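Descriptive analysis of the structure
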Amino acid sequence: MNPTLPAEFLWGAATSPHQIEGNNIASDWWALENGEHPVVPERSGDGVDSYHRYPEDMALLADAGLNAYRFGVEWARIEPEPGRVSRAALAHYRRMIDTALESGLTPVLTLHHFTGPRWFAELGGWTNPHAVGYFARFVTSVVPILGDVRWVCTINEPNMVATMAGAQRAVPDAEAVRAFTSGALPDPDPEAARILIEAHHIATEIVKSGTDAAVGWSVAQQAFVAAPGCDDQLAEANRLWEDPYLEAARDDDFVGTQAYTSRLVGPDGPIAHAEDPGNTLTGWAYRPDALGLAIRHAWQVTGGTPILVTENGIATGDDTRRIAYTGEALEHLGRAVAEGIDVRGYLHWSALDNYEWGHWRPTFGLIGVDRATFARSPKPSLAWLGSIARANALPTAEHREAQPC
Ligand code: BGC
């Protein structure tokens, strides 16, 4: 049975500024990519030039049938030097909001998606005792352009940001970033987590003081599952990695669920994905069921905060596989809705093939991009997701079985 979705259900795609815009030169990541000894294998460079080509990108999404677009504003462009706000950068992001609204796309706006200004990183980033004040000043400068924005995500994946922050404190930057891009992650730093939670709550108040937006943040969910006899270890993994960030969203208007794969938790904690030819281009196990696991976990830990799926997708060069993965993920979302969980939308990661934090090879996009000419090539998955969006109906297993291959 296909659960009925509310008419205003958001069907969209997501991006982040640094991964698509290009030439984000005042940012901390630009410094890491372009230093004398670059610490990531590949640089973002021109990105996919979405800084200039966003009208085309939004038109492709809207024409396909989607009704929402999650994108971010880049702190490093808005405040390239401490306290110096670029009115031109704010005007740029305001034009993006206008373009989205004119195209029929509800903007879901992220204030912080992994990158910050270089000066902020040099001051210690999220481990600086004044980090909350710096972020609050930035958010205050953005609020005047958010008047008619209805969805705001303060910080993307604070649990990953806390992991990076902790790693940077413990080891030299280069090593920390190498760990991040290779997937070998240390535990999130509890002090950075505390600062991020405070920053989220203050940013929420600031945004609410100037807009009617629903405000939340988006949490990286690993859909942990216990190996036999490892329930305590499962609880510990959730306590370290996810639950404090979900608990911090208990009074929020929504919580963003971001799930790609599931991880088993064994006697020594989360187990790395075993090598398998079926793994995706990021080396993760192919687990479309992760979305249902993550939604249920977020619902349970927050005690019923409405859920917006802010990211879900697959890194693959085979678009048929993307459609299969996403169709199955949506079936799991449908089952969660049928159980009574309040899910407000599904935003696929990603709109475009983009810069995957140090690498270009893992392609997550509904739209391919020629990185020499920047020509866009919508993939069949874009039209497929658009047709689901137009019908506002989730696929079901029965439906999938009835489809010819
Ligand atoms: C991040 C994205 C990233 C995606 C795929 C999420 O962790 O928010 O920036 O590209 O997952 O790895």
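Up top is the structure these notes are about.
A brief structural summary. Model, not experiment: these values are computed from the prediction.

Its 12 residues place the ends of helix α15 (residues 380-391) 17 Å apart at the C-alpha level, agreeing with the 16 Å of an ideal helix rising 1.5 Å per residue. Of the residues making up α15, those classed as buried are Ser381, Leu382, Leu385, Gly386, Ile388 and Ala389. Buried residues of α15 fall within an arc of 160° about the axis and therefore sit on the same side. Every exposed residue of α15 that faces more than 90 degrees away from the buried side is listed here: Pro380, Arg390 and Ala391. Buried-residue contacts for α15 involve β1 (10-14), α3 (50-64), α14 (319-338), β11 (343-349), β12 (367-369) and β13 (376-378).

This brings us to the sheet that holds strand β8 (residues 263-266). Pairing within the open sheet is mixed, and its 3 strands lie in the order β6-β8-β9. At either end of the open sheet lies a strand with only one pairing partner, and these are β6 (224-226) and β9 (269-270). Here 2 bridges tie β8 to β9, and the two strands are oriented antiparallel to one another. Directly across from Val265, in β9, lies its bridge partner Pro270. The sheet strands contacting helix α11 (residues 231-241) are β6, β8 and β9, and the helix crosses β6 at an angle near 160°.

To continue, consider unusual backbone geometry. Generally, phi is negative for residues other than glycine and the peptide bonds are trans, each holding for most cases. That bond from Trp349 to Ser350 is cis: its omega, 15°, falls within 30 degrees of zero. Residue position: Ser350 is located in the loop between β11 and β12. Although it is not a glycine, Phe114 adopts a positive phi angle of roughly 70°. Mapped onto the fold, Phe114 is located in the loop between β3 (106-112) and α6 (118-122). The residue Asn392 is not glycine, and still its phi comes out positive at about 50°.

Residues in close proximity to the ligand total 13 residues, the closest being Gln19, His113, Glu157, Glu311 and Glu356. His113 places a polar side-chain atom, nitrogen or oxygen, 2.9 Å from an oxygen atom of the ligand. Contacts to the ligand include Glu157, whose side-chain N or O atom sits 2.7 Å from an oxygen atom. Protein contacts shield 92% of the accessible area of the ligand, which totals 310 Å² for the unbound molecule. Of the residues belonging to the shell around the ligand, the class tally is 6 nonpolar, 4 polar and 3 charged.

What follows covers the pairing of β11. With 6 of its 7 residues buried, β11 lies for the most part within the structure. Bridge analysis of β1 against β11 gives 5 bridges, and the strand direction is parallel. Residue pairing for β11: Leu10 is matched across the bridge by Gly345. Across 3 bridges, strand β10 (residues 307-311) lies against β11 in parallel orientation. Along β11, the bridge assignment pairs Leu308 with Gly345. In this fold, β10 hands off to α14, which returns the chain to β11; that crossover is right-handed.

Moving on to the side chain of Asp189. Relative to the assigned elements, Asp189 resides in the loop between α9 (173-182) and α10 (190-210). Side-chain polar atoms of Asp189 contact the backbone nitrogen of Glu191, separated by 3.1 Å.

The rules behind each value
Residues numbered from 1 in each chain as written. Predicted model: local features only at pLDDT ≥ 70, side-chain atom pairs only at ≥ 80, totals over all residues. Heavy atoms only, no water. Helix = DSSP H or I, 4+ residues; strand = E, 2+ residues; numbered from the N terminus. Expected span 1.5 Å × (residues − 1). Buried < 20%, exposed > 50% of the residue type's maximum accessible area, 1.4 Å probe, protein only. Arc of directions from axis to C-beta. Contact = heavy atoms within 4.5 Å. Pairing = 2+ DSSP bridges. Axes fitted to C-alpha atoms, helices over the stretch in contact; angles between N-to-C directions. Near = heavy atom within 4 Å. Polar contact = N/O pair within 3.5 Å; in protein donor to acceptor, adjacent residues only side chain to side chain. Areas by Shrake-Rupley, 256 points an atom, 1.4 Å probe, with all protein chains shown as cover. Nonpolar A, V, L, I, M, F, W, Y, C, P; charged D, E, K, R; others polar. Right-handed = clockwise from strand over helix to strand, strands pointing away.

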